[in-house]
Amino acid sequence: MTADSTVSTVAGGARGRAAAKRTSGAQPDLVQLLTPEGKRVKPTKAVAEYAAYVEDVTPEDLRGLYRDMVLTRRFDAEATSLQRQGELGLWASLLGQEAAQIGSGRATRPDDYVFPTYREHGVAWTRGVDPTLLLGMFRGVNNGGWDPTTNNFHLYTIVIGSQTLHATGYAMGIAKDGADSAVIAYFGDGASSQGDVAEAFTFAAVSNAPVVFFCQNNQWAISEPTERQTRVPLYQRAQGYGFPGVRVDGNDVLACLAVTRWALDRARRGEGPTLVEAFTYRMGAHTTSDDPTRYRHDDERVAWEAKDPIARLRTHLEAQTHTNESFFAELEAESEALGKRVREVVRAMPDPDPLTIFENAYADGHALVDEERAQFAAYQASFADGEDK
């Protein structure tokens, strides 16, 4: 249940501050339910509140989370290869961040609304967006690739941090409408230094907006390490705005699922925003135009490889006899089939009609856009006339 639209802003803010006070005092340093060795952690008192949100997870659910991560990684690897082959102009890999994205994405309900950056390929997968649709923009054949209203998954946002303001405004709107849903906004540790994010925190706090700010701290803002971004752990920043923050092991898909379910649930109850910091690592480059060897050491990457989210869950599945070799073999075949389909679809993408750039600029017609469209059409036609001669 969301905050009643008739409750005043003052009362809503007071309730949010009270909830933040109740929650912030008992936060653990890191919520972890599955160790890097694939062993379930016995929840401490501080973690028990979050662990309760995954008590219903079955072995089948765990296999589903594993499948999600494997197929997302395969798609991501294929997209990286396609860029290297000249089929895409750019690609931002999620390698290493699969647990943070799949765990949080699977925590959402269909009626929740998601605002991503440009790296949330795993979240898109959990929202039912065909992965091939993510590639049109990076190939330069469209301005987005999918209808955001179909899956409540917004178009990718290239401008760093701006989507947090969009998410906050959307959340304020659904609260006024009395909708029983929540909003989640994704951003990185680098974006946390943007003024847009600070403004979003302020508006969300004072309006008690039902929004979860999900920060994937992958340790590097392109070439700037996290310690150059903040003097305190990122999740602690929420205290200054009057709402709770929690740090979760971003390579533990079960913990990410639990913490995000908890945060979304409190948003739906009208208790306001939450900041979730998923502590993870970007195993690859920032984008395919980046060379991480110029600013970070291999030993750092090797240390994080030991915490690989997919290997962690596989070890757990094998140890708990939740699965067998046939499951992994079938998944490998499915993974290769996905890679093949992605290659075929990308290479078959048609060049766009140049006039489509004028579409959807306004909800209704606009005289100036119509005039510009006509001028551009005439300009394009002039080239065809020259060819005829």
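As shown above, the structure is provided for reference.
Quick look at the structure, then. (Residues numbered from 1 in each chain as written. Predicted model: local features only at pLDDT ≥ 70, side-chain atom pairs only at ≥ 80, totals over all residues. Heavy atoms only, no water.)

**Observations regarding the packing of helix H3 (residues 59–84) against helix H4 (residues 98–107)**
Axes are the key here: two packed helices are described by the angle between their axes and the distance separating the axes. Relative to each other, H3 and H4 sit at 130°, their axes nearing to 10 Å. For the element pair H3 / H4, the angle class is oblique. In this structure, the crossing between H3 and H4 has a hand that is right-handed. On H4, the residues that touch Leu65, Asp68, Met69, Thr72 and Arg73 of H3 are Glu98, Ala99, Ile102 and Arg106. When the residues that make up the contact of H3 with H4 are grouped by side-chain class, the tally is 4 nonpolar, 1 polar and 4 charged. (Axes fitted to C-alpha atoms, helices over the stretch in contact; angles between N-to-C directions. Helix = DSSP H or I, 4+ residues; strand = E, 2+ residues; numbered from the N terminus. Parallel < 35°, antiparallel > 145°, perpendicular 65-115°, else oblique. Left-handed = near helix turned anticlockwise from the far one by under 90°. Contact = heavy atoms within 4.5 Å. Nonpolar A, V, L, I, M, F, W, Y, C, P; charged D, E, K, R; others polar.)

**Some details on empty space enclosed by the protein**
Taken as a whole and judged by the stated rule, the model has 3 cavities of 30 Å³ or more. Approximately 50 Å³ is the volume attributed to the largest cavity. What lines the largest cavity is simply Phe187, Ser192, Phe201, Cys215, Leu234, Arg237, Leu275 and Glu277. Among the residues making up the lining of the largest cavity, the classes are represented as 5 nonpolar, 1 polar and 2 charged. (1 Å grid on protein atoms, 1.4 Å probe; cavity = no way out; pocket = protein on both sides within 12 Å on 5 of 7 lines; lining within 4 Å. Points joined across faces, edges and corners; volume = space filled by probe spheres on them.)

**Re the pairing of strand E6 (residues 245–249)**
Buried residues dominate E6, accounting for 5 of its 5 residues. Side chains Gly245, Arg247 and Asp249 of E6 all project onto a buried face; the interleaved residues Val246 and Val248 project onto the opposite face, where all are buried too. Alignment of E6 against strand E7 (residues 274–279), held across 5 bridges, turns out to be parallel. Looking across to E7, one finds that Val248 is bridged to Ala278. Chirality of the crossover, the property in question, places the unit of E6, helix H10 (residues 253–268) and E7 among those that are right-handed. (Buried < 20%, exposed > 50% of the residue type's maximum accessible area, 1.4 Å probe, protein only. Pairing = 2+ DSSP bridges. Right-handed = clockwise from strand over helix to strand, strands pointing away.)

**Quick notes on the pattern of salt bridges**
Here the structure, examined in full by the defined rule, presents 27 salt bridges. One salt bridge connects Glu78 with Arg343, and the closest N-O pair in it is separated by 3.1 Å. Here Glu78 is found in helix H3, whereas its partner Arg343 is found in helix H13 (residues 325–347), with 265 residues between them in sequence. When its relative accessible area of 5% is taken as the criterion, Glu78 is described as buried. For Glu87, the salt bridge goes to Arg139, with nearest N and O atoms at 2.8 Å. You can see Glu87 sitting in the loop between H3 and H4 and its partner Arg139 sitting in helix H6 (residues 135–139), a full 52 residues away along the chain. (Salt bridge = Lys/Arg side-chain N within 4 Å of Asp/Glu carboxyl O.)

**Observations regarding the nonpolar core**
Ranked by size, the top nonpolar core spans 67 residues in total, and within it Tyr66, Leu135 and Leu313 carry the most contacts. Those residues within four positions of Tyr66 in sequence are excluded, and the remaining contacts are Ile310, Leu313, Arg314, Leu317, Phe327, Phe328 and Leu331. Among the nonpolar cores identified, the runner-up in size contains 22 residues, and Val183, Ala200, Val211 and Leu275 belong to it. (Core = buried A, V, L, I, M, F, W, Y, C linked by side-chain atoms within 4.5 Å.)

**Considering the sheet that holds strand E3 (residues 211–217)**
On the basis of which strands lie adjacent, the open sheet formed by 5 strands has the order E1-E2-E3-E7-E6 and parallel pairing. On the outer flanks of this sheet lie strand E1 (113–115) and E6, each paired with one strand and no other. Averaged over all adjacent pairs, the angle separating strand axes in this sheet is 20°, with direction ignored. Where E3 and E7 come together, 6 bridges link them in parallel fashion. Counted as the bridge partner of Phe214 is Val276 from E7. Packing against the sheet, helix H8 (residues 162–177) makes contact with E1, strand E2 (183–188) and E3, and its axis sits at approximately 170° to E2.

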